[in-house]
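Structural overview
Letter by letter, the chains look like this.
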Amino acid sequence: KVGDRVGVGALLVELDASELQTPLAEAEAARAVQAAKLEEMRLGTRPEEIALAQTKVANAEKSLQDAKLNLAAVKAKADADLKDDYDSALTAAVKSVSVALNALFVLTDLQSAHFSGFDQQSVQVADAKAAAASALLGATGAGRAGKDYLSQLAGGAKGSVAVAQANPSFANTDKALADVKPALSAVKAALDAVPVLNKFYSTEATNLNTEKNNVSTELVTVAGKQQAIEVQDAANQSSITAAQASVNEASNALASAEAELVLKSAGYTREQKLVQEASIAQAEAQVQTIRAQLEKAALSSPLAGVVTKQDAKEGEIVSANAPVVSLISDAEFEIEANVPEADIARIATGNEARVTLDAYGSDV
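Residues numbered from 1 in each chain as written. Predicted model: local features only at pLDDT ≥ 70, side-chain atom pairs only at ≥ 80, totals over all residues. Heavy atoms only, no water.

Next up on the list: helix α3 (residues 120-137). Between its terminal C-alpha atoms α3 stretches 25 Å, which fits the 26 Å expected from 18 residues at 1.5 Å a residue. The elements touched by buried residues of α3 are α2 (47-114), α4 (147-152), α5 (156-166) and α6 (170-192). The distance from a side-chain oxygen at the start of α3 to the backbone nitrogen of Q121 is 3.2 Å, and the residue carrying that oxygen is D119. One or two residues past the end of α3 sits G138, with phi positive at roughly 75 degrees. (Helix = DSSP H or I, 4+ residues; strand = E, 2+ residues; numbered from the N terminus. Expected span 1.5 Å × (residues − 1). Contact = heavy atoms within 4.5 Å. Polar contact = N/O pair within 3.5 Å; in protein donor to acceptor, adjacent residues only side chain to side chain.)

Our next topic: the nonpolar core. Among soluble globular proteins, nonpolar side chains are generally buried collectively. Counting residues in each nonpolar core, the largest one holds 48 residues, and the members touching the most others are L104, L136, L150, V180, V187 and V194. Here this core takes 15 residues from α2, the largest share from any one element. (Core = buried A, V, L, I, M, F, W, Y, C linked by side-chain atoms within 4.5 Å. Buried < 20%, exposed > 50% of the residue type's maximum accessible area, 1.4 Å probe, protein only.)

Look at helix α8 (residues 270-295): 37 Å from first C-alpha to last across 26 residues, which is about the 38 Å you get at 1.5 Å a residue. Taken together, the buried positions of α8 are occupied by Q276, I280, A283, V287, I290 and L294.

Mapping E204 onto the fold places it in helix α7 (residues 202-266). Buried within the structure, E204 lacks any salt-bridge partner; its nearest side chain of opposite charge belongs to K199, at an N-O separation of 8.8 Å. Those residues in contact with E204, other than ones at most four positions away along the chain, are L110, A113, H114 and K199. (Lys, Arg positive; Asp, Glu negative; His and termini not counted. Salt bridge = Lys/Arg side-chain N within 4 Å of Asp/Glu carboxyl O.)

Using the criterion set out here, one finds 14 salt bridges in the structure. Across the salt bridge formed by E28 and R291, the nearest N and O atoms sit 2.9 Å from each other. A residue pair is termed long-range when its members are at least 10 positions apart, and E28 in helix α1 (residues 18-43) and R291 in helix α8 qualify at 263 residues. A residue is classified by how much of its surface remains accessible, and R291, at 31% relative accessible area, is partly exposed. In this structure, the salt-bridge partner of K147 is D109, at a minimum N-O distance of 3.2 Å. Here the residue K147 occupies a position in helix α4, and D109 occupies one in helix α2, the gap between them amounting to 38 residues.

Turning next to a negative patch on the surface. On the surface, E14, D16, E19 and E314 cluster together into a negatively charged patch. Looking at the element boundaries, E314 is found in the loop between β4 (305-310) and β5 (325-329). Residue E314 is classed as exposed on the basis of its relative accessible area, which comes to 86%. (Patch = residues over 30% accessible without salt bridge, like charges linked within 9 Å, V, L, I, M, F, W, Y side chains within 5 Å. Areas by Shrake-Rupley, 256 points an atom, 1.4 Å probe, with all protein chains shown as cover. Charge placed at Lys NZ, Arg CZ, Asp CG, Glu CD.)

Just geometry here; none of it tells us what the structure is for.
Here it is as C-alpha cells:
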C-alpha cells in the first residue's frame, strides 16, 4: 500500500496467472517422466524382463517344433491317402484291362461266327476291332486276329498297366489310367460296331450286351478313380499349404522373440541415452518457458524504499507500459540533467557538478 516500506525484490503487484499453473504442472510431470526413462536406461533391462523374453523364445521354439511335427504328419497322411487312391486306381485298371480283353474275345467269337467275310458289316467290325486291339494291346492290323494271338500281346494299355504293377509309382499309375480309359472307349466302340443279327443265338446277343455294360461300367470306374486322385491331390496341397503357413508363422514369431531377447540383453545404446537426455532438456525448456511467463506476471521492487503510489486494483485490466506503482528510494538521490550539445564534449566521468534547488536557495 502507499506508505509501506519495501526491500529489494519485494512483490509489489501481480497479474492473475492461474491459467499458467496447470501447464506448468503438466510440463514438470512430463520432465519427470523423461527423467525416469533415462534412469531406466542407465539401470539397464530388468532381470524379470529378460526372463520374460527368454520364456517367449522358449514358447516360440516349442510352437515352431509343434508346427513342423504337424507339417510332417500332414504330409505323411497326405502321402498315405494319395497312395491308397493310387493303389485302388491301379487295381481298377488291372480289372478294366481284363474286362476289356474278355470283351475283345467275345467280339472275336462273334466275328469268327458271323463277320469273317469282306462285306461292309464284316469290314466295319474288323476296323473297329483293329482300333480296339491297338489301344488295348498295342497290336497293329489285328482286325481279324484270333484270341490266341490277341492273348499273347502285351502292349498298349495292357503294357502300361503291367509296368505300373511292376513299379507302382504315381507316374506309372497315371500313365496306366490315361491309357486304359481310351482303350475302354475303343473296345466299347468296337462292340457298338457289331450289328445284332437275327441269326444270332440268344446267348450271343446276351453276351454282347453284357460286355457292352461291363466295359461301360469300367469306363465310369476308371474316370471315377482319376477324379478321386485329383480331388485327393488338391486336398493334400491345401492341407500342406496350411500346415506350411503355420510353420512360417511360427518361424517368424521365433525370430521376433529372439530379436527381442537380444535387444533386451544388450541394453540401451549410448545414442539412445543421448536422445533421452535431449528429451529431458526439451521438457526442462518447456518448464522454464512457463516459469518465465509466470515471472513476467509479477512486479518486484528493484530497490529499497517507500511506496508512494499504488494504482493497481484487483480485477482491473492494466494497459501496457502504464505506471501503477511508484517508490522513493532510501539510497542517495539521482538527478537527471540535460547538457547542451555545445558542452557535451567537455563532460567526462568523475566530473563534479554544482546543483542548486529552489527549495534551499542558491547558497546551498
